[in-house]
Amino acid sequence: MDGQPDDTALMLRYGAGDAGAFEVLYRRHNDALYRYLLRLCNNRDTAADLFQEAWSKVIKARSRYRPTARFNTWLYRIARNCFIDHLRRNKRYGDGPPDDPDSRAAPGPGPDIGAEQARAREKLLAILETLPMEQRDAFLLREEAGLSVDDIATMTGVGHETVKSRLRYATRKLRAAFDDKTEPAA
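Cut-offs and rules
Residues numbered from 1 in each chain as written. Predicted model: local features only at pLDDT ≥ 70, side-chain atom pairs only at ≥ 80, totals over all residues. Heavy atoms only, no water. Helix = DSSP H or I, 4+ residues; strand = E, 2+ residues; numbered from the N terminus. Buried < 20%, exposed > 50% of the residue type's maximum accessible area, 1.4 Å probe, protein only. Contact = heavy atoms within 4.5 Å. Areas by Shrake-Rupley, 256 points an atom, 1.4 Å probe, with all protein chains shown as cover. Phe/Tyr/Trp six-rings, centres within 6.5 Å; stacked < 30°, edge-to-face > 60°. Axes fitted to C-alpha atoms, helices over the stretch in contact; angles between N-to-C directions. Left-handed = near helix turned anticlockwise from the far one by under 90°. Nonpolar A, V, L, I, M, F, W, Y, C, P; charged D, E, K, R; others polar. Core = buried A, V, L, I, M, F, W, Y, C linked by side-chain atoms within 4.5 Å. Parallel < 35°, antiparallel > 145°, perpendicular 65-115°, else oblique.

A. Molecular detail of the overall build of the protein chain. Check the secondary structure of the protein chain and you find eight helices and zero strands. Across the protein chain, helices and strands are ordered from the amino to the carboxyl terminus as α-α-α-α-α-α-α-α. Counting every position in the protein chain, which comprises 186 residues, the buried fraction comes to 37%. Long-range pairs, those at least 24 residues apart, make up 69% of the contacts in the protein chain with a sequence separation of at least 6. In the structure as shown, the protein chain presents an accessible area of about 10600 Å², 50% of it carried by carbon and sulfur atoms.

B. Structural detail: unusual backbone geometry. Despite not being glycine, Asn 42 has its phi angle at roughly 60°, a positive value. Looking at the element boundaries, Asn 42 is found in the loop between helix H2 (19–41) and helix H3 (44–60).

C. Inspection of the packing of aromatic side chains at higher detail. Enumeration over the complete set of coordinates arrives at 11 aromatic pairs. Between the aromatic rings of Tyr 65 and Phe 71, the centroid separation amounts to 6.4 Å while the plane-to-plane angle is 70°, which identifies the pairing as edge-to-face. There is no split in this pair, since Tyr 65 and Phe 71 are both buried. Connected via pairs of aromatic rings, a cluster forms that spans Tyr 14, Phe 22, Tyr 26, Tyr 34, Phe 51 and Trp 55.

D. Spatial organisation of the packing of H2 against H3. Where H2 contacts H3, the axes come no closer than 9 Å and their chain directions differ by 140°. For the crossing formed where H2 meets H3, the hand is right-handed. For the pair H2 and H3, contact is made by Phe 22, Leu 25, Tyr 26, His 29, Asn 30, Leu 33, Tyr 34, Leu 37, Leu 38 and Cys 41 and by Arg 44, Thr 46, Ala 47, Ala 48, Leu 50, Phe 51, Ala 54, Trp 55, Val 58 and Ile 59, respectively. Residue composition of the contact of H2 with H3, by class: 16 nonpolar, three polar and one charged.

E. Fine view of the nonpolar core. Judged by nonpolar contacts, the single largest core of 48 residues is most densely connected at Met 11, Leu 33, Tyr 36, Leu 37, Val 58, Trp 74 and Tyr 76. Taken together, the elements giving at least two residues each to this core come down to helix H1 (7–15), H2, H3, helix H4 (71–90), helix H5 (111–130), helix H6 (133–143), helix H7 (149–156) and helix H8 (160–179). Among the elements that line this core, the one with the most residues is H2, at 11 residues. Not counting chain neighbours up to four residues away, the residues in contact with Trp 74 comprise Met 11, Val 58, Ala 61 and Tyr 65.

F. Highlighting the packing of H2 against H6. Running from N to C, H2 and H6 cross one another at 165°; their axes reach a closest spacing of 10 Å. If you check the angle between H2 and H6, you find them roughly antiparallel. You can see that H2 and H6 cross each other, and the crossing is right-handed. Residues Tyr 36, Arg 39 and Leu 40 of H2 pack against Met 133, Arg 136, Asp 137, Leu 140 and Leu 141 of H6. Here the contact of H2 with H6 is built from residues that sort into five nonpolar, no polar and three charged.

G. Quick peek at the side chain of Gln 135. Inspection of the secondary structure puts Gln 135 in helix H6. Given a relative accessible area of 10%, Gln 135 falls into the buried group.

All quantities given are derived from atomic positions and should not be read as evidence of function.
Set out below in structure tokens:
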């Protein structure tokens with residue numbers, strides 16, 4: 001990061017009282033963390049609540065933070081646990097109709113390209129929703145959080161090969177669905 005402190009150093013500085021270090025961490029991770037949660041639960045309100053809950057837990061844990069794993073892994077474990085707790089509290093998956101995770105984004109290219117990208121995004125979200133939770137979670141942790149297979153294995157408590165299999169199956173299903181010219185059922 002061109003001389004900038006890494007996330008672990010920033011979190012340790014934050015734990016020692018440097019509020020500016022938290023601001024840097026938040027700016028680095030807020031968008032990807034929100035997208036991860038939104039794509040897990042498919043509901044903007046729930047994702048926003050879980051997002052706030054995850055960052056609140058980071059703030060509360062600042063003085064106890066120990067770099068036993070990469071900060072990114074630790075942060076996404078907290079977020080994932082918030083989501084799992086939400087599922088347990090609600091005893092079901094999802095809270096309502098899926099939302100568009102990129103609706104907060106700034107307007108993009110022209111209308112033709114923008115419409116095509118919107119259709120592709122909608123198709124991806126519909127396909128992601130059909131994946132088994134374990135495959136979707138592994139895929140999102142890899143793509144949104146940028147976690148390694150080893151980090152995902154540690155975080156989810158499964159073996160390295162299991163994570164690789166989940167990623168492989170998810171990727172195959174996504175490719176097959178995108179290669180299929182028919183639209184997914186709504």
